[in-house]
Amino acid sequence: SFASMAVNGVIKDLAQVERPIGNPDIRFVAVDNFLIDTVSLKGGSYSFPSGHSQTISTMMFGISFFYNKKKLWILSTVLVLLVMLSRMYLGVHWPLDVLVGGALGLIFAFAGYKLLINKSMETRIKIYFIVALASVFLLIFANKSDTYKAIGACFGFALGALFEYKYVNFVPKEGTVIKKVLRCILGLVILLILKEGLKPLFGLIGDYSFLDFLRYAIIIFVAIGFYPFIFKFGIAFNSKSDFIPFI
């Protein structure tokens, strides 16, 4: 999904479609709080295609392709449609934005499935690094902060997957329900601290796009590789890797 996000940013910069929000002829809901901020998007970024629609589509349909369960396909479709509708309701996207974003996400999900299905973990990791390295060329078309973030996340995922495979071998199925919930909550807290803590820390160095690349590479590496490593010495689980194999 990180590669999908990087491509999304490139298309936005090339298409340069203004968002509906701020248009006097369009009714929208302005939201400005800790969780959602649509006000800052007014005149600050482009809308086509919808990044949220493309990302949720890539993730949910990617999982659906791998597990191929009817209920999962239904759930994925509903979630994607809800995200698409919410982006239009908030006034940050046109109908075409969310339709194309959802379609691109489906394409990336299918491509990822075809690339990774029935591949060994060693081969998958090689593919992760190839995709990460190839994504660097996207900077030719969109040398923006969001593109650096997405590419940094690609490298963080590849490095995290390699670290996890070599030194951790985490099995999320193991453990009681309470332990699984605690792992998720603690993981989200750690990632939030990293996301919000590294930004002002790197800000002391300067406002450079490469620092966005490095920040997101660290965040995703911790999520995929180092966080499971911590649990290897705390909460017991088996030694076979089984995480969702998606960039």
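Here is what the cut-offs are and how they apply
Residues numbered from 1 in each chain as written. Predicted model: local features only at pLDDT ≥ 70, side-chain atom pairs only at ≥ 80, totals over all residues. Heavy atoms only, no water. Helix = DSSP H or I, 4+ residues; strand = E, 2+ residues; numbered from the N terminus. Buried < 20%, exposed > 50% of the residue type's maximum accessible area, 1.4 Å probe, protein only. Contact = heavy atoms within 4.5 Å. Areas by Shrake-Rupley, 256 points an atom, 1.4 Å probe, with all protein chains shown as cover. Patch = residues over 30% accessible without salt bridge, like charges linked within 9 Å, V, L, I, M, F, W, Y side chains within 5 Å. Salt bridge = Lys/Arg side-chain N within 4 Å of Asp/Glu carboxyl O. pLDDT = per-residue confidence, 0-100. Core = buried A, V, L, I, M, F, W, Y, C linked by side-chain atoms within 4.5 Å.

Turning our attention to the overall build of the protein. For the protein, the helix and strand inventory stands at eight helices and zero strands. Along the protein, helices (α) and strands (β) appear in the sequence α-α-α-α-α-α-α-α when read from the amino end. The 247 residues of the protein split such that 43% are buried. Taking contacts inside the protein between residues at least 6 apart in sequence as the whole, the part at least 24 apart equals 76%. Taken as a whole, the protein presents about 13900 Å² of accessible surface, with 70% of it coming from carbon and sulfur.

Turning to unusual backbone geometry, a few remarks are in order. P49 follows F48 through a cis peptide bond whose omega is -5°. Within the secondary structure, P49 sits in the loop between α1 (2-15) and α2 (51-67). Positive phi values are uncommon outside glycine, yet N68 reaches one of about 50°. Inspection of the secondary structure puts N68 in the loop between α2 and α3 (70-89). Residue classification places N68 among the exposed residues on the basis of a relative accessible area of 55%. In the Ramachandran plot, N118 falls in the positive-phi region, its phi being about 60° despite a non-glycine side chain. N118 gets classed as exposed once you look at its relative accessible area, which sits at 73%.

Moving on, we come to a nonpolar patch on the surface. On the surface, a cluster of nonpolar side chains totalling about 420 Å² of accessible area is made up of I74, L75, V78, L79 and L82. Note that I74 resides in helix α3. Under the relative-accessibility criterion, I74 is labelled partly exposed at 47%.

Here the focus is the confidence of the model for the protein. Confidence in the prediction for the protein averages 81 pLDDT; 79% of positions are at 70 or higher. The element-level mean pLDDT for the protein is lowest in helix α7 (residues 177-203), coming to 76, with helix α4 (residues 95-116) highest at 94. Under a pLDDT of 50 for its full length, residues 235-247 has, in the predicted model, 51 contacts with residues more than four places off or in other chains.

With that settled, consider the nonpolar core. Counting 32 residues, the largest nonpolar core has F2, Y128, I151, F157 and I220 as the members making the most contacts within it. At the level of elements, α1, α5 (121-135), α6 (145-167), α7 and α8 (209-232) are the ones that each hand at least two residues to this core. The dominant element in this core, judged by the number of residues it contributes, is α6, at nine residues. In this structure I220 touches F2, A153, G156 and F157, once residues within four positions along its chain are discounted. In terms of nonpolar packing, the next biggest core, distinct from the first, is built from eight residues, I56, F61, M84 and A109 among them.

Per the stated rule, a full pass over the model turns up two salt bridges. Note that D146 and K149 form a salt bridge whose closest N and O atoms lie 3.8 Å from each other. On the criterion of helical spacing, the pair formed by D146 and K149 is a turn pair, its members being three residues apart in helix α6. With a shortest N-O distance of 3.5 Å, D212 and R215 are connected by a salt bridge. Taken together, the residues D212 and R215, both in helix α8 and three residues apart, mark about one turn of the helix. The pair formed by D212 and R215 is uniform in burial state, with each residue classed as buried.

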